[in-house]
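# Observations on the three-dimensional arrangement
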Amino acid sequence: MQGTCRKRLRLRPLQILALPLCFLMAQASAQTANPPSNSANPPDAVHGTTPAWEREASSLTLHMIGNAHIDAPWLWPLSEANAVVHSTFRSALDRMKEDPQLTMTTSSSQFYEWVEASDPAMLNEIRQQVKAGRWNLVGGWWVEPDVNIPSGESLIRQGLYGQQVLQRLFGRRADVGYNPDSFGHNGNMPQILKLQEMKYYVFMRPNATEKPEIKQNLFLWQGIDGTRTLTYRIPLAYDDPGDVRSHMQRTVTALEGQPMHTAMEFFGIGDHGGGPTKENMRSIRQIQGEAGAPHIFYSTPDRYFAEVAPHLPKDIQVYAGDLQHHSVGTYTGGSAIKKLNRTTEVALETAEKFSALGSVVWGASYPKTDFTKAWERVLLLQFHDSMADTTLPEHEEAARDGYGRARDAASEALYGSLQRLAWQIPTTDPDSKYLVVFNPHAWPAKLNIEYDLGWEEGTPTRVEDEEGRPIPFQWIDPTAVVNHRQRLVAQIETPGMGYRQIRVFKATPAPSPLPGRPSAHDNVLENNDLRVTFASDGTVGLFDKTTGRRVFRDQAGMRALIFDDDNDTWAHKVRTYDKQVGEFKRMDVKILENGPLRARVREKLSYGASSLIIDWMLYANSRKVDLRVTLDWHEHLKMLKFSFPVDVDQPHATYETAYGAQERQPNGDEDPGQRWINVTGTQKGHSLGLAILNDAKYGYSVQGSDMRVSIARAAVYANHQPRELKPGVDYAWMDQGVQTFQMELIPHTDPWQQLGVVRAAEELVTEPPIVYQGIHPGTRKQACSFLSVDAPDVVVEAVKQAEDGKDIIVRSYETAGHEITATLKLDFAGTKWTGKYHPFEIKTLRVNKDTHQAREVNALEE
């Protein structure tokens, strides 16, 4: 929740929104003593002389949409939302009894499940109104989520579980996607909505000032894959607690020049719930009797779209791209919640993959109920104010608990399945250590692993695979500060979505199987492909030895820059962070590791009260630079950005989005993205680019060829303009303390589409599961693949059991924006599937292991 266009703070101060629910409900229920009638009250009885309507007003038809936006958490804890939902629904049902024509529109399947659990009688009342067409089920999602930060798979699950609950409780699903309060909308939403059986979309932000390129409130939104969705932008606001006249007159003005003369007008108390009020109803009846007023009547989004969809004007606007920018600070604020979101999404997907495969291949159980509950908790925590961390400070603790619950369920399911499989893989030598390394990706992957083992320092060691082939490795200090243990660092070639067993034993080391041993010396970190330099001026340089070109601009290099961020929690009215006020300065550089597999240099920096540690790492024969970052942040009203000034002209910037990617102008705007960003241009007539990947961040900007990753903000919790901060007050500041994350830099000369950047991102954010084995017999192979794809641009993101049976669902998507034909080898089911993907297409297959058949279905698995 937030935004001056909705809050209308000049009419209703922010503090009123935090008043007890009983007060707000009293306003909804007691504004008039008697139910309204069709006869209008004398206009001067309460309001004085009624202002004349604008000339165009009478030509407009306004569908009056009674609703109540409910922020699950915002200026109140998540635990309070249940009571808000119940009180709001009760009030709406009571108002509907008073006026048999009043309608109500609501979203969020989670809310209906709460009512089902505690008040079945109320749910039956709602069912009756749904059947009568007066209570409109919209949204089809678990909640109204942020749709920039959650992954593509999370957005698919919002619709899968949301529509499933609506079907179970009401016997129908939502046709209208509905997300008015979210802080921007990614460019793949039209495709995702279509796959969830929703034909229309309603939003409010960005508004007409923030996104003036959208000229019409009703338009066709074209997604990155070409899918078009009929979309409605609410002109002003979706809440209006009192007399609707003033708001309606502003809407009439906002609709001037629109080709469609039919629109929606929203009313009712929102945020902390409430719904339509008696004053809303009284004023609507009054306006219905006025000459020159718009033609207005109680309606629903379903009725509105049913009326306008068959009669779209020929000149209806088609808008291609994402819907940004609003509250750009929400991309970065709340570092802990954002990292928990990404790691929990990955944990659930990995656990589902090996549990689903195990249920078919090696007799493991698939805890469907546990997975469903875990996903539902994550989806609730992706509510837009939760995901943005624009909440009270204590919500972070509730979010940590919720994500922890989901991660625990994922871990228990994952290792329960993998332990069962590992027990079937034989181990024969009691003097050896055996590990099974699992690859959750549908392609053969060279996985870098680390694992603590009981091993004496200095012992001659060999590491081999099942064929006796040497595996590159090195020992480093263990995580625990004890004797007789070492940490193994190794690089394992693993089959697609499968596993490989490795053996560690005492023997004369084999010659290194990898060329290009990395080296750290004299403020230089290098291998045979790349060189990283740590200059005396504090900058970090990157040089591509294979092409003879520097990647960063001369005398610029990578830097940790500090920008002014004297803004509220949302960063209202901010488009770019361009006022630099400082930067981190290097305090020390030292070598931590020096091959043969990996070299590692630690850089320590400081700024103000904050410190920064960056471990720069290079593997043998690798074209990737790995960074492990520890930030101890103690600044206020500042933004930390890592700057990577790529040495190219004519730069093009591409950002990963949910199940796709999108190019944006390199104009310095703060933009949301998923796990990677890329800048490609020319250097002396030759193509050069740099991709930057990370496992925890979502805010980015590109100014020219300077690519910047937003690392941390330092705003006050739940500080909403126009409330100003007062000097001398000890506020609760966001993102203070220690946070850790990983990054990866990949310089390249080919287009990013040929780089395999999405696969690299998948490997970066997904920790390979490892199972330690005891000594036991077994009948399974020491290496095996269960599922693989032959096309480099296709990624298999989800493998799960179907919601309505034991078929296996396999979801994949095209990652490079190209048309391609791919074959999925479904070895776990003894079959394969071949199909054509259009650019960024999401495909869902339903696989029956008994019939060995795979068929394409939608995101609802139908």
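Anything mentioned here points back to the structure above.
Residues numbered from 1 in each chain as written. Predicted model: local features only at pLDDT ≥ 70, side-chain atom pairs only at ≥ 80, totals over all residues. Heavy atoms only, no water.

### Thoughts on the packing of aromatic side chains
Note the following rule: Stacked, tilted and edge-to-face are the three classes assigned to paired rings of Phe, Tyr and Trp, where Trp is represented by its six-membered ring and a pair needs centres within 6.5 Å; plane angles under 30 degrees give stacked, over 60 edge-to-face, the rest tilted. Numbering of helices and strands starts at the N terminus; helices are DSSP runs of H or I of at least 4 residues and strands are runs of E of at least 2. For every residue, the accessible area obtained with a 1.4 Å probe (protein chains only) is divided by the maximum for its type, and the residue is called buried under 20%, exposed over 50%, and partly exposed between those limits. For a ring to carry a charge above it, either NZ of a lysine or CZ of an arginine must fall within 6 Å of the ring centroid while also lying within 35 degrees of the normal to the ring plane.
For the structure on display, the rule yields 30 aromatic pairs. Summarising the aromatic geometry, the rings of Tyr112 and Phe170 are spaced 5.1 Å apart at their centres and angled 80° between planes, so their arrangement reads as edge-to-face. With Tyr112 in helix H5 (residues 109-118) and Phe170 in helix H7 (residues 152-170), this residue pair connects regions lying 58 residues apart in the sequence. Exposure remark for Tyr112: the relative accessible area of 1% places this residue in the buried category. A connected cluster of aromatic rings, assembled from ring pairs, spans Phe354, Trp362, Phe438, Tyr499 and Phe786. Over the face of the ring belonging to Tyr698 we find Arg342, whose NZ or CZ atom lies 4.1 Å from the ring centre.

### Looking at the environment of Leu220
Here is the rule we go by: The criterion used for residue contact is that any of the two residues' heavy atoms lie within 4.5 Å.
Structurally, Leu220 is set in strand E6 (residues 218-222). Look at Leu220 and you get buried, because its relative accessible area is 16%. Sequence-wise, Leu220 and Gly704 are 484 residues apart; in three dimensions their C-alpha atoms are separated by 31 Å. Setting aside anything within four residues of it in sequence, one finds Leu220 in contact with Arg228, Thr229, Leu230, Ile316, Gln317, Val318 and Tyr319.

### Some details on the side chain of Asn186
Cut-off, in case you're wondering: N or O atoms within 3.5 Å of each other form a polar contact, as long as, within protein, one can give a hydrogen and the other can take it, and as long as residues adjacent in sequence are counted only when both atoms are side-chain atoms.
Summarising the element assignment, Asn186 is placed in the loop between strand E4 (176-178) and helix H8 (189-195). The class of Asn186 is buried, set by a relative accessible area of 2%. Within polar-contact distance, the side chain of Asn186 engages the backbone nitrogen of Asn188 at 2.7 Å. Every residue in contact with Asn186, bar those within four places of it in the chain, is listed here: Val147, Asn148, Leu155, Trp221, Asp322, Gln324, Thr657 and Ala658.

### Looking at the pairing of strand E30 (residues 660-664)
On a regular strand, one side chain projects to one face of the sheet and the next to the other, so that they alternate. Our working rule: Should DSSP find at least two bridges between two strands, the strands are taken to pair.
When you tally the buried positions in E30, you get four out of five residues, the bulk of the element. Direction of pairing for strand E29 (residues 649-657) relative to E30: antiparallel, over a ladder of five bridges. Across the sheet, the residue bridging to Tyr655 is Gln662, located in E30. Counted along the chain from E29 to the antiparallel partner E30, the turn is two residues long, and its residue Tyr659 has a positive phi close to 55°.

### A few points about the pattern of salt bridges
We count it as follows: Only one rule defines a salt bridge in this text: a Lys or Arg side-chain nitrogen within 4 Å of an Asp or Glu carboxyl oxygen.
Within the structure shown, the criterion is met by 56 salt bridges. Across the pair Asp302 and Arg172 runs a salt bridge whose closest N-O atoms are separated by 3.4 Å. With Asp302 in helix H11 (residues 301-308) and Arg172 in the loop between H7 and E4, the pair connects residues that are 130 residues apart, well separated along the chain. According to the relative accessible area criterion, Arg172 is partly exposed, its value standing at 23%. In this structure, Asp322 engages Arg664 in a salt bridge whose closest nitrogen and oxygen atoms are separated by 2.6 Å. Placement of Asp322 in the loop between strand E10 (318-320) and helix H12 (335-361) and of Arg664 in strand E30 is noted, with a sequence separation of 342 residues between them. The residues Asp322 and Arg664 share a single accessibility class, namely buried. In this structure, a network of salt bridges that share partners links the residues Glu450, Asp452, Arg487, Glu593, Arg598, Arg600, Arg602, Asp615 and Arg628.

### Observations concerning the packing of helix H4 (residues 81-98) against H5
The angle between the axes and the distance between the axes are what describe a pair of packed helices. Selection criterion: Comment: axis = line fitted to C-alpha atoms, over the contacting stretch for helices; angle = value between 0 and 180 degrees taken between N-to-C directions. Roughly parallel means an angle under 35 degrees; roughly antiparallel, over 145; roughly perpendicular, 65 to 115; everything else is oblique. Under the scheme applied here, ten amino acids are nonpolar (Ala, Val, Leu, Ile, Met, Phe, Trp, Tyr, Cys and Pro), four are charged (Asp, Glu, Lys and Arg), and all others, including Gly, are polar.
Interaxial distance between H4 and H5 falls to 10 Å at its minimum, and their mutual angle equals 85°. One finds that H4 runs roughly perpendicular with respect to H5. Across the interface between the two elements, Ala81, Asn82, Val85, His86 and Phe89 of H4 pack against Phe111, Tyr112, Trp114, Val115 and Ser118 of H5. Here the residues of the contact of H4 with H5 are counted per class, giving seven nonpolar, three polar and no charged.

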